[in-house]
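Observations on chain architecture
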Amino acid sequence: MSITEAVSTTRSSQIKRMVSPFLRTKILFGGVVVTALFVIGLLAPFISPFDPNRQDLDATMIQPQWLWGKHLLGTDQLGRDVLSRIFHGARISLVIAVAVAVLSGLIGTTLGAISGYRSGRMDLLIQKSVEVMWAFPPLLFAITLIAFLGQSLHILILALVLQRWIPFCRVARAQALTLRSRDFVAAATALGATHTRILCSHIIPNLIQTSFVVGTFAMATAIISEASLSFLGLGVPREIPTWGSMLSDSRAHISTAWWLPLFPGLFILVTVLGINLLGDGLRDVLDPKLNRSGTRGSL
Amino acid sequence: MFGYVMRRLFATVPVVLVVTIIVFSLIHMAPGDPLTLLLSEDANETTIKLAREKWGLDQPIYVQYLNYLSILVHGDLGMSFKYGDPVVSVIASRMPATIELAIAAMIISVSIALPLGALAGARPNSWIDNIGSSIGFLGISMPGFWLGLILILFLSGTLHLLPSSGRDSFGIADAPITGIYLLDSLINRDLDQARDAITHLAMPALALGINMVGMLMRVTRSAMIEIMHEDFITTARAKGAPEHRVIWLHGMRNALIPVLTVVGLELGTLLSGSVIVETVFAWPGTGSLLISAINSRDYPLVIGTILAYTLIFVIINFVIDLLYPLVDPRIRLA
């Protein structure tokens, strides 16, 4: 089979996979959810019916009023509007998800590319760091860091990035190892290109597609991690409304106010589900082989 | 085999060392003097001076680290401010609760995920595969602690079926044998206690296991899809073996290796998850201990718990490595 034929078969099988209805639903649903997250997160101050921190002690614990009332999803024990708080919580989730995915993606992919391309001492050093970071159960590292360094958005992002770069690094390294022996790299070397140049213009560009897929999963984990940490009271400072801290507050009122634990959690579930479906759909379309690469469960 | 075990064991040493370095530097990076972390707030001048000499805080940093390490190696993690007991014994007293919860969560998720994943993988793109995939996606996307809250809301709040917190209603903690209540009550042949232990265990275990269900199911499925294309499957079918025998005996047995790896890796997630789920259900294990220690600024206990968690995680990964040849005799440990 000639190269053009091979390419055209891959194309047509890609298109075939694209039209599979299950896959199309996945990508569509995921795309809608992620777009909604961006829109709500960016526009939260404009579309929220109330100030998320405005207390109204005359209107505490109002049940969801659906279409008729002014508090669509009800109010909490301090009379704060649940919907407005959820919209502002989306903002935090969005900031953290994007920051963690982008930063850990940049660090992990670069280190993975270097590690795979330049075996030897550099590779050993990077792989040892991966091994050490792997020795911490996920999330526990973030808890440790925050317990000692205090709570802030920056430390939270730092704590998550320090663990999230690893999946990027592993996937990138595995790919760089095979890219290294490809003809275009040999050609570039023969033409006298430096290692830096080969890495920047031949290796890394070929890793971007895969890193993008890993990145969507990193966004999903970042959102759950932030919610978990905020739930434990170790996330961002208390005065910022987040989905996790709303759930944490709801525990004291769980027997009287069902809507307080229900809605923030539903938003987390739908958001994370959407991102996971989008990532999975993209992976199927872009690179079916990635499905089985040795990336950690909670990618 | 022995050589492999020793080499593998030896390889974990640097990892554990670096973990202690990280924890040690965090103590020093924390705002304020390490002494303010290690002493209670009402310590006076002389106590501080004595403590500084006692812990060698007037010495160079690498000497401090080596001292710290030698204390750790002797199994001394200091005293907990809050409980007034040695950190080691406080953690040890809470450990059985966490182990019980983790094992229960593991059993629940494996018994849901493996059959579902195997069936889905044996018939890709069938209705059972689509249902299985949907459950899998829901599983990995649902925060376990939120599922916990919702379970409390319905099963405890509305239906009054299960208790919403704690480990038992009788207080069998007074005479623990293993510290794992379900096991203890079975040893004592006390069915009421056993039922009590199960009702307390059910919701936290499900909340903790739910994420693993999704992960395990997907790995089982993809391992199964690959195995079902192997020649020996065709051979088994050609010999006229019934389909259930082909799936479970010929397929599943061979799909177990990647599944085992994920079970091992997910144990770490399970450990981290236990921190949150234990907090939701007021489950008296090491996870809720860690959070209460952080909240009460009981730093010796915080450090001790973190080191304990990391050590357990390293040991689990080590054991998983040793299990491979049992599942797949083709893998020889040279």
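This one's a predicted model, so the numbers in the text were calculated from it and none came from an experiment. Within each chain, residues carry numbers counting from 1 in the order of the written sequence. For naming, the first written chain is A and the first written ligand is 1, with later ones following in the order written. In keeping with the predicted nature of the model, local features appear solely for residues at pLDDT of at least 70, side-chain atom pairs appear and are counted solely at 80 or more, and the whole-chain, interface and lining totals rest on all residues.

For chain A, the helix and strand inventory stands at ten helices and zero strands. Helices and strands appear in chain A in the N-to-C order α-α-α-α-α-α-α-α-α-α. Each residue is classed by its C-beta neighbour count within 10 Å, where at least 20 other C-beta atoms makes it buried, 12 or fewer makes it exposed, and intermediate counts make it partly exposed; the C-beta atoms are placed from backbone geometry. For chain A, the residues scored as buried account for 49% of the 299 residues in total. Once C-beta atoms are placed from the backbone, any two residues with those atoms within 7 Å are in contact. Within chain A, contacts between residues at least 6 apart in sequence are counted, and of these 73% link residues at least 24 apart. Helix and strand labels come from DSSP, where a helix needs a run of H or I of at least four residues and a strand needs a run of E of at least two; each type is numbered from the N terminus.

Let us look at the environment of A:V236. All names here are of chain A. Looking at where V236 falls in the secondary structure, it is placed in the loop between α8 (195-231) and α9 (243-250). Taking the C-beta count within 10 Å as the criterion, V236 has 23 such neighbours and is therefore assigned buried. Put simply, V236 and A222 are 14 residues apart on the chain and 13 Å apart in space, counted from C-alpha to C-alpha.

For the rest of this paragraph, the subject is the environment of B:R221. Residues and elements named next belong to chain B. By the secondary structure assignment, R221 is in helix α9 (residues 191-227). Considering only alpha carbons, one finds R221 and A118, 103 residues apart in sequence, at a separation of 5.6 Å. Contact partners of R221, with chain neighbours within four places excluded, come to G117, A120, G121 and G132.

You'll often see interface size given as the accessible area lost when the parts meet. The partner chain A presents 40 residues to the 42 residues of chain B that form the contact. The set of elements that each furnish at least two residues to the side of chain B that touches chain A consists of α1 (2-29), α6 (127-141), α7 (144-158), α9, α11 (243-280), α12 (286-295) and α13 (299-327) of chain B. Considering every element that reaches the side of chain B that touches chain A, the biggest residue donor is α11(B), with ten residues. Three classes are used: nonpolar for Ala, Val, Leu, Ile, Met, Phe, Trp, Tyr, Cys and Pro, charged for Asp, Glu, Lys and Arg, and polar for all others, with Gly counted as polar. For the side of chain B that touches chain A, a count of residues per class yields 32 nonpolar, nine polar and one charged.

Most of helix α5 (residues 140-149) of chain A sits out of view: nine of its ten residues are buried. Listing the buried residues of α5(A) in full gives A:L140, A:F141, A:A142, A:I143, A:T144, A:L145, A:I146, A:A147 and A:F148. In this structure, the buried side of α5(A) is in contact with α6 (153-179) and α8 of chain A together with α1, α11, α12 and α13 of chain B.

The next thing to look at is unusual backbone geometry. All names here are of chain B. For H160, which is not glycine, the phi dihedral falls at a positive 55°. Relative to the elements of secondary structure, H160 occurs in the loop between α7 and α8 (181-187). Judged by the 9 C-beta atoms lying within 10 Å of it, H160 is exposed.

Attention shifts here to the nonpolar core. What we call a nonpolar core is a set of buried Ala, Val, Leu, Ile, Met, Phe, Trp, Tyr and Cys residues whose membership is set by joining through C-beta atoms within 7 Å. Counting residues in each nonpolar core, the largest one holds 159 residues, and the members touching the most others are B:A207 and B:L216. Among all residues touching B:A207, those that are not within four sequence positions of it are B:G144, B:F145, B:L147, B:G148, B:L151, B:V277 and B:V280.

Attention now goes to the confidence of the model for chain B. Low pLDDT means the predicted atomic positions in that stretch should not be read closely. All names here are of chain B. Values of pLDDT, ranging from 0 to 100, describe the predictor's confidence in every residue of the model. In the predicted model, chain B carries a mean pLDDT of 82, and the fraction of residues at 70 or more is 91%. Here helix α2 (residues 34-38) stands out as the least confident element of chain B, with mean pLDDT 64; α12 is the most confident, with 91. Confidence metrics for the complex model read pTM 0.86 and ipTM 0.84.

Here the focus is helix α2 (residues 21-47) of chain A. Residues and elements named next belong to chain A. By this rule, a helix spans an expected 1.5 Å times one less than how many residues it contains. In this model α2 runs just 34 Å from its N-terminal to its C-terminal C-alpha over 27 residues, more than 12% under the 39 Å that 1.5 Å per residue would give. Throughout, bend refers to the angle between the axes fitted to the seven residues that end at a position and the seven residues that start at it. The largest bend in α2 comes to about 45°, at G41, with the proline P45 one to four residues further on. Looking at α2, one finds that the buried residues are K26, G30, V34, L37, I40 and A44. Buried residues belonging to α2 abut α3 (82-117) and α10 (259-286).

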